[in-house]
Amino acid sequence: AQSVTQPDIHITVSEGASLELRCNYSYGATPYLFWYVQSPGQGLQLLLKYFSGDTLVQGIKGFEAEFKRSQSSFNLRKPSVHWSDAAEYFCAVVPYSGAGSYQLTFGKGTKLSVIP
Amino acid sequence: DGGITQSPKYLFRKEGQNVTLSCEQNLNHDAMYWYRQDPGQGLRLIYYSQIVNDFQKGDIAEGYSVSREKKESFPLTVTSAQKNPTAFYLCASSAAVRGSNSPLHFGNGTRLTVT
């Protein structure tokens, strides 16, 4: 079955440390890929997206993600984490370029805690 | 500023009662969506609408109903037939259902508690 996997349920990092959140998908074609962030009790905000072209994409708040077709991965990275980055992060996938947004599948999320 | 407004933020109901969650957008988006979020489960699509007066079931539509009488509004009714209605409900919109430049914009959600 097609799916989106975020292997880490909860990650804790120290402020100033680097961060990598993992996302793997199981779709045959190259999907559209997204990372969203959710602060407690709030909606989701788009961090970045990949549709085609350069496999390293830059997003807001200093985040970047790299699409690796061979590994079916789209990992989110940040070189230096700030306390305000503590939130839950969701990877999401539209299965192929012609699919509709209603076919968006979300991973189960990774909760990030930041130690001052 | 354009955005999506969901109201109320918190909603409490007794079991057996229907309840309607409001979602209004001023982004001039054609497509609107309702998601349900449960802890550790990610987001699951309840209903979506591509245009006014048209809507489609998502993955977990049973026990829910929607209407789309205006482009700006997409209310969700949680009926007494929904067996486990307590959850966080998120409304979203996009410029179109298809296309590379149509990411979802989300409201801040309504937390529904049914006792």
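So, here is what we can say about the structure in this document. A quick note: this is a predicted structure, and the numbers were derived from the prediction, not measured. (Residues numbered from 1 in each chain as written. Chains lettered and ligands numbered in written order. Predicted model: local features only at pLDDT ≥ 70, side-chain atom pairs only at ≥ 80, totals over all residues. Heavy atoms only, no water.)

Attention shifts here to the packing of aromatic side chains. Tallied over the full model, the rule gives 18 aromatic pairs over all chains. Judged by centre distance (6.4 Å) and plane angle (25°), the rings of Y33(B) and Y48(B) are stacked. Of this pair, Y33(B) sits in strand β4 (residues 31-37) while Y48(B) sits in strand β5 (residues 43-49), and the two are 15 residues apart along the sequence. Residue class for Y48(B) comes out buried when judged on its relative accessible area of 9%. An aromatic cluster of at least three residues, connected via ring pairs, comprises Y32(A), F34(A), Y36(A), F51(A), Y102(A), F106(A), Y33(B), Y35(B), Y48(B) and F106(B). The aromatic ring of F74(B) is capped on one face by R68(B), whose charged end is 6.0 Å from the ring centroid. (Phe/Tyr/Trp six-rings, centres within 6.5 Å; stacked < 30°, edge-to-face > 60°. Helix = DSSP H or I, 4+ residues; strand = E, 2+ residues; numbered from the N terminus. Buried < 20%, exposed > 50% of the residue type's maximum accessible area, 1.4 Å probe, protein only. Lys NZ or Arg CZ within 6 Å of the ring centre and 35° of its normal.)

What follows covers the state of the cysteines. This model, assessed by the stated rule, comprises two disulfides over all chains. The disulfide that involves C23(A) links it to C91(A), with 2.0 Å between the sulfurs. Judged by the sign of its S-S torsion, about -65°, the cystine formed by C23(A) and C91(A) is left-handed. Of the two residues, C23(A) sits in the loop between β3 (19-21) and β4 (24-25) while C91(A) sits in strand β10 (residues 87-94), which places them 68 residues apart along the sequence. The partner cysteine of C23(B) in its disulfide is C91(B), sulfur to sulfur 1.9 Å. Judged by the sign of its S-S torsion, about -70°, the cystine formed by C23(B) and C91(B) is left-handed. Of this pair, C23(B) sits in strand β3 (residues 19-25) while C91(B) sits in strand β9 (residues 87-94), and the two are 68 residues apart along the sequence. Of the two residues examined, C23(B) and C91(B), each falls in the buried class. (Disulfide = S-S within 2.5 Å.)

All right, on to the nonpolar core then. Residue and element names in this part refer to chain A. Counting 27 residues, the largest nonpolar core has L19, W35, L47, L48, F74, L76 and Y89 as the members making the most contacts within it. For this core, the secondary structure elements donating two or more residues are β2 (10-14), β3, β5 (32-38), β6 (44-50), β8 (64-68), β9 (73-78), β10 and β12 (110-115). In terms of residue count, β10 provides more of this core than any other element does, four residues in total. Each residue touching Y89, except ones within four places of it in the same chain, is listed here: Q6, L21, W35, Y36, V37, L47, F63, L76, G109, T110 and L112. (Core = buried A, V, L, I, M, F, W, Y, C linked by side-chain atoms within 4.5 Å. Contact = heavy atoms within 4.5 Å.)

Moving on: the pattern of salt bridges. Applying the stated criterion across every chain yields a total of seven salt bridges over all chains. Between D8(A) and R22(A) there is a salt bridge, and its shortest N-O distance comes to 3.0 Å. Separated by 14 residues along the polypeptide, D8(A) in the loop between β1 (4-5) and β2 and R22(A) in the loop between β3 and β4 bring together distant segments of the chain. R44(B) serves as the salt-bridge partner of D38(B), at 2.8 Å between the closest nitrogen and oxygen. Exposure remark for D38(B): the relative accessible area of 13% places this residue in the buried category. Because the salt bridges share partners, they merge into one network encompassing E64(A), E66(A) and R77(A). (Salt bridge = Lys/Arg side-chain N within 4 Å of Asp/Glu carboxyl O.)

Once that is clear, we can look at the side chain of S101(A). As for its position among the elements, S101(A) is in the loop between β10 and β11 (105-106). Dropping the residues within four chain positions of it, S101(A) is found in contact with Y33(B), Y35(B), S94(B), A96(B), V97(B), S102(B) and L104(B).

Residue and element names in this part refer to chain B. Strands sit in the order β1-β3-β8-β7 across an open sheet of four strands; the sheet is antiparallel. Two strands bound the open sheet, and with one partner strand each, they are β1 (4-7) and β7 (64-66). Ignoring strand direction, the axes of neighbouring strands in this sheet form an average angle of 20°. Pairing between β7 and strand β8 (residues 76-78): three bridges, direction antiparallel. Along β8, the bridge assignment pairs V66 with L76. (Pairing = 2+ DSSP bridges. Axes fitted to C-alpha atoms, helices over the stretch in contact; angles between N-to-C directions.)

Moving on: the side chain of R68(B). As for its position among the elements, R68(B) is in the loop between β7 and β8. An unpaired buried charge is present at R68(B): no salt bridge exists, and D30(B), the closest side chain of opposite charge, is 6.0 Å distant. (Lys, Arg positive; Asp, Glu negative; His and termini not counted.)

A few words now on unusual backbone geometry. All names here are of chain B. Residue P8 is bonded to the preceding S7 through a cis peptide linkage, with omega at -10°. Even without a glycine there, the phi angle at N28 is positive, about 60°. By the secondary structure assignment, N28 is in the loop between β3 and β4.

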